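Overview (structure and organization)
Spelled out, the chains give:
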Amino acid sequence: MASHLESEMAGDLRTGGDLNLQAESLQRSSATTIGRNLQTIPRLADGTPRYARGWHMVGWSDEFPKGQAVARDYFGMRLAFYRGDDGQLRCLEAFCPHLGADLSAGKVLGNALQCPFHNWQFNGGGDCVKIPYCDKIPPKAKARSFVTKEINDTALIWFDPERGEPEYDIPALPEFGAAGWTPQWHRFRITIKTHAREVIENVVDKGHLLPIHGFDVEQWLPVWNGHVTGELTWGKHTRLAADVQDDKLYVRNISHGPAYQYTWQIQDSGQFDSLILTSWCPVDENTLEYWFGVIVKANSTAFTAEMLDAAAEGYCKASYDAFMEDVYIWERKLYRPEPTLCGNDGPIAKLRRWYSQFYTDRAQVNVSQFHNDNHHWTIQDLRDRTSDVIAAQTHRSS
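Residues numbered from 1 in each chain as written. Predicted model: local features only at pLDDT ≥ 70, side-chain atom pairs only at ≥ 80, totals over all residues. Heavy atoms only, no water.

**Re the environment of Leu221**
Under the convention used in this document: Secondary structure follows DSSP: runs of H or I at least 4 residues long count as helices, runs of E at least 2 residues long count as strands, and numbering of each begins at the N terminus. Burial classification: accessible surface area is computed with a 1.4 Å probe over protein chains only, and a residue below 20% of its type maximum counts as buried, one above 50% as exposed, and the rest as partly exposed. Note on contacts: a residue pair qualifies if any of its non-hydrogen atoms lie within 4.5 Å across the two residues.
Here Leu221 lies in strand 13 (residues 215–225). A relative accessible area of 7% places Leu221 in the buried class. As for Leu221 and Glu231, which are separated by 10 residues in sequence, their C-alpha atoms are 5.6 Å apart. Apart from residues lying up to four places away in sequence, Leu221 is in contact with Gly230, Glu231, Leu232, Trp234, Asn374, Val389 and Gln393.

**Quick word on the sheet that holds strand 6 (residues 112–114)**
Applied cut-off: When DSSP finds at least two bridges between two strands, those strands are taken to pair.
Pairing is antiparallel in the open sheet, where four strands are placed in the order 5-6-7-8. If you trace the sheet from one side to the other, it starts and ends with strand 5 (107–109) and strand 8 (128–130), each paired once. For strand 7 (residues 121–122) and strand 8, the ladder comprises two bridges, and the chain directions are antiparallel. When the sheet's bridge partners are listed, Phe122 is paired in strand 8 with Cys128.

**Here's the deal with the confidence of the model for the protein chain**
For any part of a model where pLDDT is low, the fine detail of the predicted coordinates should not be relied upon. This is how the line gets drawn: Confidence scores labelled pLDDT are given residue by residue by the predictor and lie between 0 and 100.
With 88% of its residues at a pLDDT of 70 or more, the protein chain has an overall mean of 88. A low-confidence stretch, residues 1–17 stays under pLDDT 50, and its non-local contacts, those more than four residues away or across chains, total 37 contacts.

**Re the environment of Ala178**
Position of Ala178 relative to the elements: it lies in the loop between strand 11 (154–159) and strand 12 (186–192). A relative accessible area of 27% means that Ala178 is categorised as partly exposed. Taking the C-alpha atoms as reference points, Ala178 and Lys297, 119 residues apart in sequence, are found 9.7 Å from one another.

**Focus: the environment of Thr191**
Position of Thr191 relative to the elements: it lies in strand 12. Setting aside anything within four residues of it in sequence, one finds Thr191 in contact with Thr287, Leu288, Glu289 and Glu331.

**Observations regarding the sheet that holds strand 17 (residues 273–284)**
Keep this limit in mind: Only the stretch in contact is used when a helix axis is fitted, and all axes are lines through C-alpha atoms; the angle between N-to-C directions ranges over 0 to 180 degrees.
Here we have seven strands laid out as an open sheet, ordered 12-18-17-16-15-14-13, and antiparallel in their pairing. Edge positions in the sheet fall to strand 12 and strand 13, since each has one partner strand and no second. Ignoring strand direction, the axes of neighbouring strands in this sheet form an average angle of 15 degrees. Of the strands in this sheet, strand 12, strand 15 (248–256), strand 16 (260–267), strand 17 and strand 18 (287–297) are in contact with helix 6 (residues 305–330), which crosses strand 12 at around 15 degrees.

**Quick notes on the packing of aromatic side chains**
Note the cut-off: Pairing of aromatic side chains requires ring centres within 6.5 Å, counting the rings of Phe and Tyr and the six-membered ring of Trp. Pairs whose planes differ by under 30 degrees are stacked, by over 60 edge-to-face, and all others tilted.
If you walk through the whole model with that rule in mind, you get 22 aromatic pairs. Ring centres of Trp158 and Tyr168 lie 5.4 Å apart, and the angle between their planes is 70 degrees; this geometry places the pair in the edge-to-face category. Taken together, the positions of Trp158 in strand 11 and Tyr168 in the loop between strand 11 and strand 12 put the pair 10 residues apart, joining distant regions of the chain. Of the two residues, Trp158 and Tyr168, both sit in the buried class. Ring centres of Trp280 and Tyr290 lie 5.8 Å apart, and the angle between their planes is 5 degrees; this geometry places the pair in the stacked category. One end of the pair, Trp280, is in strand 17; the other, Tyr290, is in strand 18, with 10 residues separating them in the sequence.

**Some thoughts on the nonpolar core**
What counts here: Side-chain atoms within 4.5 Å link the members of a nonpolar core, which is a set of buried Ala, Val, Leu, Ile, Met, Phe, Trp, Tyr and Cys residues.
If you look at the biggest cluster of nonpolar residues, it comprises 49 residues, and the most contacted ones within it are Phe75, Leu79 and Phe81. Apart from residues no more than four positions distant in its own chain, Phe81 is found in contact with Val58, Phe64, Gln68, Ala69, Val70, Arg72, Leu89, Arg90, Cys91 and Ile157. One finds Val199, Ile200, Trp220 and Leu351 within the second-largest nonpolar core, a separate group that totals 42 residues.

**Topic: the side chain of Thr233**
Our working definition: Polar contacts, as counted here, are pairs of nitrogen or oxygen atoms within 3.5 Å of one another; within protein the pair requires one atom able to donate a hydrogen and one able to accept it, and residues that are adjacent in sequence qualify only if both atoms are side-chain atoms.
Among the structural elements, Thr233 can be located in strand 14 (residues 228–237). Judged by its relative accessible area of 1%, Thr233 falls in the buried class. Separated by 2.7 Å, the side chain of Thr233 and the backbone oxygen of Gln219 make a polar contact. Residues within four places of Thr233 in sequence aside, it is in contact with Phe215, Val217, Gln219, Trp220, Leu249, Tyr250, Val251 and Leu382.

**Concerning the pairing of strand 13**
In terms of strand pairing, strand 13 meets strand 14 through 10 bridges, oriented antiparallel. From the neighbouring strand, Phe215 faces strand 14, where its bridge partner is His237. Connecting strand 13 to the antiparallel partner strand 14 that follows it, the hairpin turn spans two residues, and Gly226 within it adopts a positive phi of roughly 65 degrees.

**Some words on the pattern of salt bridges**
In a structure, side chains of opposite charge can pair up when their charged atoms sit close to one another. Convention followed: When a carboxyl oxygen of Asp or Glu is within 4 Å of a side-chain nitrogen of Lys or Arg, the pair counts as a salt bridge.
One pass over the structure, following the stated rule, counts 20 salt bridges. The closest approach of N and O atoms between Glu201 and Arg352, which form a salt bridge, is 2.9 Å. Residue Glu201 is located in the loop between helix 4 (196–200) and helix 5 (209–213), and its partner Arg352 is located in helix 7 (residues 348–356); the two are separated by 151 residues in the primary sequence. Accessibility expressed as a relative area gives 11% for Glu201, which makes it buried.

**Points about unusual backbone geometry**
Not every positive phi belongs to a glycine, and Asn152 is a case in point at roughly 55 degrees. Relative to the helices and strands, Asn152 resides in the loop between strand 10 (148–151) and strand 11. Even without being a glycine, Arg163 presents a positive backbone phi close to 65 degrees. If you trace the backbone, Arg163 turns up in the loop between strand 11 and strand 12.

**Focus on the pairing of strand 18**
When a strand is regular, its side chains alternate between the sheet's two faces. Burial analysis of strand 18 places 10 of its 11 residues in the buried class, the great majority of the element. Here strand 12 runs beside strand 18; their pairing, made up of seven bridges, is antiparallel. Of the residues in strand 18, the one forming a bridge with Arg189 is Trp291. The antiparallel hairpin formed by strand 17 and strand 18 contains two residues in its connecting segment.

Spelled out as structure tokens, the structure:
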């Protein structure tokens, strides 16, 4: 189906001449630069990399079929995912506490996962519930488990180096599956050689929008709300709003925590609305997996279902091409802990402070500085109530 673009995106989109040249160049990234970047990443007391506390996407829901164990490597560890008879997705650290066999190579039995080595069985909470050759289960026979969540046909786990319970939620998208929108994501997944801090910084880096993406910004406004950040912006875009002469693009971008992001986009011309889901998860300290999905909505009297599906696929490809422009920079750049900034760069320093909360023990986190009243504005407000949005900024700052 057109909504399943991983294989096509991995092949067809990378066959373009420009992207091929970029891929070859990226392979020549400096090992010295990577080494210097690794010196500045967050670390735990024992010197190992510290990964962000929060919800992280680990795949599309259909990648985890019922009754089958699935191996994934994230956060510098092997994880074993399985969907039991009840349909619930579960996640365990893969290496059995017994003698270290890989549980992701085991069998799903009912709602438990059986180790392939000695047939010990573990439930979704990580407790060993059966040893076939021993009646007494050792108290320490427990695998680390992770809380899972599925929204928008995506699968997520809660990761926390302190092993605490989730401290925030992510709302599902009401547009996903709603009438008028393409029914499924047009989507891709790629692997990027960088740290997650480079990706999230794009949220406030308004200075790169014109030279990298051809987005001539007229207005850019930040969003801060505790674990949420984002941007409200509009202006002329040479690629994503170019169907009509001088068409204007309106963008509302909201990030929930360190790694799950929604982007709404509409145009003055009303050609069609789009909604983009992006999410990323660290494989190790210098590797990410990144997911991207697009749905679109248009006037059904002007667009047939086939036309709308084709528009969504084309929009996904255009967005992919724009995204690869960022990847080209990320995989080659040096992270500067104390960058030299100018007045129109956007609040990069504040974004870094906001992002640091996910690498800080909970007891030490203070998010009181990360609040304004921009979170409630809808994408339609940006287009249809532009003067109200701007006036609210003026009033708040006076």
